[in-house]
Structure formats: structure tokens, C-alpha cells
Amino acid sequence: PQRDISGYLADAQEFGLSIERVIETHFHADFLSGHLELAHATGAVISYGAAAHPEFAVEPLADGQILSLGEVTLQILATPGHTPESISIVVNEHPDDDVPYGVLTGDTLFIGDVGRPDLLTSVGVSADELASQLYDSLHDKLLVLPDATRVFPAHGAGSSCGKKLSNETESTIGKQRATNYALAPMTRSDFVEVVTQGQSIAPLYFSFNAGRNKVDRPLLDESQWPAVLSIDEVLQAMAGGAKVLDTRDSVEFQVGHLVHSVNVPLAGRFAEFVGEVIKSDRDIVLVCAPGTEHDARVRLARIGFDRVLGSMRDPLTVFHENPHLVSRSSRLTAHEFDQRRKTLSNLQLIDVRLPSETELGVIVGAILLPLQQLIIHVDQLRKDRPIVVYCESGVRSSIAASALESDGFDDVSDVIGGYPALKGLS
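Values in this document were obtained by computation on a predicted structure and should not be read as measured data. (Residues numbered from 1 in each chain as written. Predicted model: local features only at pLDDT ≥ 70, side-chain atom pairs only at ≥ 80, totals over all residues. Heavy atoms only, no water.)

Moving on, we come to the overall build of the protein chain. From N to C terminus, the protein chain includes 15 helices and 20 strands. For the protein chain, whose C-alpha radius of gyration is 24 Å, the value lies close to the compact-globule estimate of 22 Å for 426 residues. Considering only C-alpha atoms, the protein chain reaches an extent of 75 × 50 × 35 Å along its principal axes. Residue pairs in contact within the protein chain that sit at least 24 positions apart in sequence constitute 69% of those at least 6 positions apart. On the protein chain, roughly 19,100 Å² of surface is accessible, and the fraction owed to carbon and sulfur atoms is 52%. Separation of charge centres in the protein chain, based on 34 positive and 58 negative side chains, amounts to 7 Å. (Helix = DSSP H or I, 4+ residues; strand = E, 2+ residues; numbered from the N terminus. Rg over C-alpha atoms; globule rule 2.2 N^0.38 Å. Contact = heavy atoms within 4.5 Å. Areas by Shrake-Rupley, 256 points an atom, 1.4 Å probe, with all protein chains shown as cover. Lys, Arg positive; Asp, Glu negative; His and termini not counted. Charge placed at Lys NZ, Arg CZ, Asp CG, Glu CD.)

Before going further, it helps to spend a moment on the sheet that holds strand β13 (residues 284–287). On the basis of which strands lie adjacent, the open sheet formed by 5 strands has the order β9-β14-β13-β10-β12 and parallel pairing. With partners counted over all chains shown, the strands left at the sheet margins are β9 (228–229) and β12 (261–263), one partner each. Across 3 bridges, the pairing between β13 and strand β14 (residues 308–312) is parallel. Note that in β14 the partner of I284 across the bridge is V308. (Pairing = 2+ DSSP bridges.)

Let's shift gears to the layout of surface pockets. Once rolled over the atoms, a probe with the size of a water molecule shows which space is left empty. What the largest pocket holds in volume is close to 1,100 Å³. Taken together, 31 residues make up the lining of the largest pocket; nearest its centre are P1, R21, V22, I23 and L104. Looking at the lining of the largest pocket, the elements with two or more residues in it are α1 (6–14), β1 (21–23), β3 (66–69), β5 (87–92), β6 (102–106) and β7 (150–153). Residue composition of the lining of the largest pocket, grouped by class: 20 nonpolar, 7 polar and 4 charged. (1 Å grid on protein atoms, 1.4 Å probe; cavity = no way out; pocket = protein on both sides within 12 Å on 5 of 7 lines; lining within 4 Å. Points joined across faces, edges and corners; volume = space filled by probe spheres on them. Nonpolar A, V, L, I, M, F, W, Y, C, P; charged D, E, K, R; others polar.)

Take the packing of helix α3 (residues 127–142) against helix α5 (residues 188–196) next. Two quantities define a packed helix pair, namely the angle between the helix axes and the distance between the axes. For the pair α3 and α5, the least separation of the axes is 9 Å and the interaxial angle reads 115 degrees. For the pair α3 and α5, the sense of crossing is right-handed. Residue-level contacts link A127, D128, A131, S132, L134, Y135, D136 and L138 of α3 to R188, F191, V192, V195 and T196 of α5. Its residues assigned to classes, the contact of α3 with α5 shows 8 nonpolar, 2 polar and 3 charged. (Axes fitted to C-alpha atoms, helices over the stretch in contact; angles between N-to-C directions. Left-handed = near helix turned anticlockwise from the far one by under 90°.)

Before going further, it helps to spend a moment on the pairing of strand β10 (residues 243–246). Side chains K243 and L245 of β10 all project onto a buried face; the interleaved residues V244 and D246 project onto the opposite face, where all are buried too. Relative to β13, β10 runs parallel, the two being bridged by 4 bridges. Opposite L245, over in β13, you have L286 as the bridge partner. For β10 and β12, the ladder comprises 3 bridges, and the chain directions are parallel. Paired with L245 across the strands is V262, a residue of β12. (Buried < 20%, exposed > 50% of the residue type's maximum accessible area, 1.4 Å probe, protein only.)

According to the stated counting rule, one finds 7 aromatic pairs in the structure shown. Arranged with centres 6.2 Å apart and planes meeting at 50 degrees, the rings of Y48 and F56 form a pair that is tilted. Taking the relative accessible area as the measure of exposure, F56 reaches 8% and is therefore buried. Their ring planes at 80 degrees and their centres at 6.0 Å tell us that F208 and F305 sit as a pair that is edge-to-face. Within this pair, whereas F208 is found in helix α6 (residues 206–212), its partner F305 is found in the loop between α10 (293–301) and β14, the two being separated by 97 residues in sequence. (Phe/Tyr/Trp six-rings, centres within 6.5 Å; stacked < 30°, edge-to-face > 60°.)

Let's shift gears to the pattern of salt bridges. Overall, the coordinates contain 22 salt bridges when judged by the stated rule. Measuring nitrogen to oxygen at the nearest pair gives 3.3 Å for the salt bridge that ties K342 to D338. In this pair, K342 and D338 both sit in helix α12 (residues 334–343), 4 residues apart, roughly one turn of the helix. A salt bridge links E392 to R353; the nearest nitrogen and oxygen atoms lie 3.1 Å apart. (Salt bridge = Lys/Arg side-chain N within 4 Å of Asp/Glu carboxyl O.)

Glancing now at the sheet that holds strand β17 (residues 348–351). The 5 strands lie next to each other as β16-β20-β19-β17-β18, forming an open sheet whose pairing is parallel. Every other strand in the sheet has two partners, leaving β16 (330–332) and β18 (367–368) as the edge strands with one partner each. Sheet analysis places β17 next to β18, joined by 2 bridges and oriented parallel. In the strand pairing of β18, D351 is matched with L368. α12 contacts β16, β17, β19 (387–390) and β20 (412–415) of the sheet and is inclined by roughly 100 degrees relative to β16. The sheet strands contacting helix α14 (residues 395–406) are β16, β19 and β20, and the helix crosses β20 at an angle near 175 degrees.

Okay, here's the thing in C-alpha cells:
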């Protein structure tokens with residue numbers, strides 16, 4: 001469950017249901033789960049597979065264990081591979097059904113892909129070892145289910161937990177057996193190689209979330225709005241190391257923003273991008289369009305970024321009254337970039353796309369530094385030389401440029417339209 005749980009509570013109330021158990025398929029890395037919030041609000045039991053050992057109280061579920069919900073039964077399958085404690089859950093409408101209604105596969109089996117086994121290398125579990133376990137889980141636990149069994153995975157397209165995830169939300173075991181590249185007939189060693197190669201770079205915050213999901217931690221109060229901060233309080237927070245996160249549209253940010261702000265627009269993949277350019281141990285001050293402060297705070301809380309000190313009062317008035325504190329973004333058209341690189345011999349050109357994108361082509365002379373790794377490898381760049389950043393569309397490059405400006409780089413621009421606009425240049 002997501003960490004802000006009001007939707008679940010409202011649904012239960014509407015249909016006259018009680019929430020009695022929260023089952024986690026594994027320790028998630030891409031968000032902070034709401035198991036503790038739900039348990040606190042409802043008294044529900046929290047359950048993981050038997051291999052999980054979190055710091056909080058749980059009722060573990062054994063491989064093969066059956067949970068009865070009247071006629072409906074849930075059968076627990078231990079399916080390690082994405083993580084050591086991963087489980088899948090077979091759902092039967094009736095206890096004696098020959099064909100299960102479906103299987104909740106968590107991050108073990110996706111539509112078009114399988115769970116990546118390389119996210120825990122930082123904690124001493126090898127990707128090859130987990131991939132080998134994943135091979136067994138798929139072939140011995142999931143692919144033995146009838147072909148008509150529906151498959152309900154935990155993620156779809158856009159998730160960093162796999163490399164070829166479909167945007168479909170439902171499939172069947174039979175369809176996946178026939179179409180999923182990772183389920184094609186192959187040896188164990190070939191499978192290990194296939195699923196460990198070509199994975200996208202995991203966002204910086206993943207390891208933080210995976211750790212936080214194993215421990216007891218403060219609960220989210222959804223009703224709380226960020227404190228309102230004066231400009232003096234904001235400057236004091238910045239002096240103490242806080243990052244200013246401007247959640248307005250990139251065009252508004254370009255026109256004028258507080259110096260050293262990071263711009264991640266609230267629209268789109270807001271929390272994920274924030275987790276890629278701001279470290280989890282930093283205090284955050286928000287600059288928001290009026291009325292969006294609460295949404296920004298809750299979406300940050302979904303990845304465990306709880307160190308929000310508040311939101312700056314009336315940003316536009318502050319900018320108008322304090323022009324010495326305001327900066328503008330430099331955004332270049334492809335033609336403007338072309339003119340600039342012809343006059344600046346010391347220009348640093350940064351490509352912040354993923355390896356899967358850059359292997360299809362890059363601009364000559366570009367430094368390949370994916371957004372997910374930008375702030376941890378920023379020391380590779382020279383602050384005394386101008387920088388131009390590009391991505392595929394202009395979204396990530398705008399974010400990256402603001403992150404570099406926030407980190408003390410004075411001459412930073414990004415390219416409107418990204419690589420497609422640049423590759424036509426001579």
C-alpha cells in the first residue's frame with residue numbers, strides 16, 4: 001500500500017469492510033510502503049514471507065500456507081529472486097477450483113519481464129545468486145500454474161524494477177509463457193545473464209527506501225500541511241544546509257526562482273526525480289504554486305522524504321521584493337547551442353539520458369552522466385567551465401541543470417527539445 005492510506009480507509013468504509021491484514025510481497029525499494037500507517041489506523045496484522053525479518057511486529061507467511069476469506073482462498077508461494085523474501089499469492093475463488101482465479105506476482109513476474117535481481121548488491125547479495133533463485137521461482141512455482149491463471153504484477157511500464165515492463169495491468173500465465181523474453185526456453189546460466197544485463201540505473205533513493213521499509217519509523221500524518229516560512233526563515237534553512245525544491249512548472253522556474261533552487265515540476269514523475277537529484281539526508285524547503293504545498297509534501301512522503309521544513313510564503317511577492325535573490329534559467333534552442341559550442345572551446349556537454357538511450361546515439365563530445373548518477377559524480381565536472389545539459393525531451397535536462405546550479409555551478413544551460421533537436425545539427 002502507498003503511505004498515504006486515506007483512500008484505502010474510505011473504500012473500506014464505503015463497502016462496509018474491515019482491513020485485517022496487510023500483505024507485503026517484499027521489501028520495496030521504489031516507495032515507502034504504508035503498512036505501518038494501516039496497522040496503526042486499523043489494527044491490521046502485517047505479513048511478509050517467512051524469509052523477511054523486519055524490525056516491527058509481523059505475522060510471517062510460510063510457503064504453501066493457505067489464508068481463507070470465506071470461499072476465497074489465498075495461497076502463499078515463496079518466490080525469491082527479486083529479493084530473498086519475495087512471495088507471490090495465488091487467489092482461488094473457491095477452495096476446490098482447478099484453475100486459480102489469478103496470481104499476485106509482486107516483483108517476481110511482470111507482464112513482459114521479470115523482477116530485476118540487482119538492486120541488493122549494495123547490501124552484499126549478489127545479482128547472480130538472486131537471478132538463480134528467480135529462475136527456480138519462475139519455473140517451479142509460477143509456470144506450473146494453469147495457463148488460464150491471470151497474472152497481476154506489482155508494477156507496469158515506467159517502473160525501474162525491470163527493463164521491459166508492459167503498460168498492461170493484467171495478463172495470464174499462458175500469455176507470459178509465450179511472449180515474455182525471460183520465460184523463453186534457456187539454461188539457468190543463460191537466464192542469469194539475460195536478466196542481469198541491460199538493467200536501467202536504479203534511482204539514488206532506492207537503497208534508502210529499501211532500508212526504511214524494514215524498520216519502525218514515524219508515521220505519516222496526511223492532514224498536516226507544510227509550515228509557512230518567511231524568506232528570512234528560508235535563507236536561514238539554506239544556510240543550515242537545506243535544499244530549496246521548486247515544484248512549479250519549468251517555464252515559471254525559468255522566468256525567475258530563488259537562487260540555488262532545484263526545480264522538479266509537481267506534474268509527472270515528481271517524487272522519483274526528486275529522489276534522483278536530492279539526497280535523502282537533506283532538509284527540504286518547498287516553493288510551490290499556491291494550493292499545491294500539501295500535494296508536494298505527501299508525494300515526497302511516499303518515498304520517505306519527510307524532512308520538509310515548510311513552504312515559502314507567497315513566492316512571487318518574495319521574488320518581486322528581493323530581486324537580488326532571484327535567478328533565471330538559461331534554456332537554449334538547438335541553434336543557440338550550436339552557436340555557443342562554436343564560440344566556447346571549453347564547453348562541457350552533459351548527456352543525462354540512460355545507457356539504453358545513449359546506445360542509440362549521442363552528440364560528439366558529450367559526457368555521459370545519467371540523471372540518477374549526476375549528484376554523486378558531480379565532482380567529474382569543472383565549475384569554472386560552462387555547462388550545457390541535454391536529455392531526450394528537455395524534462396530531465398531542465399531538472400539536471402537546476403541541480404547543478406544549486407550545487408554551485410554558475411554557467412549552466414539546457415537544450416529545449418533534447419537529443420532529437422540536436423542530432424540534426426551538422
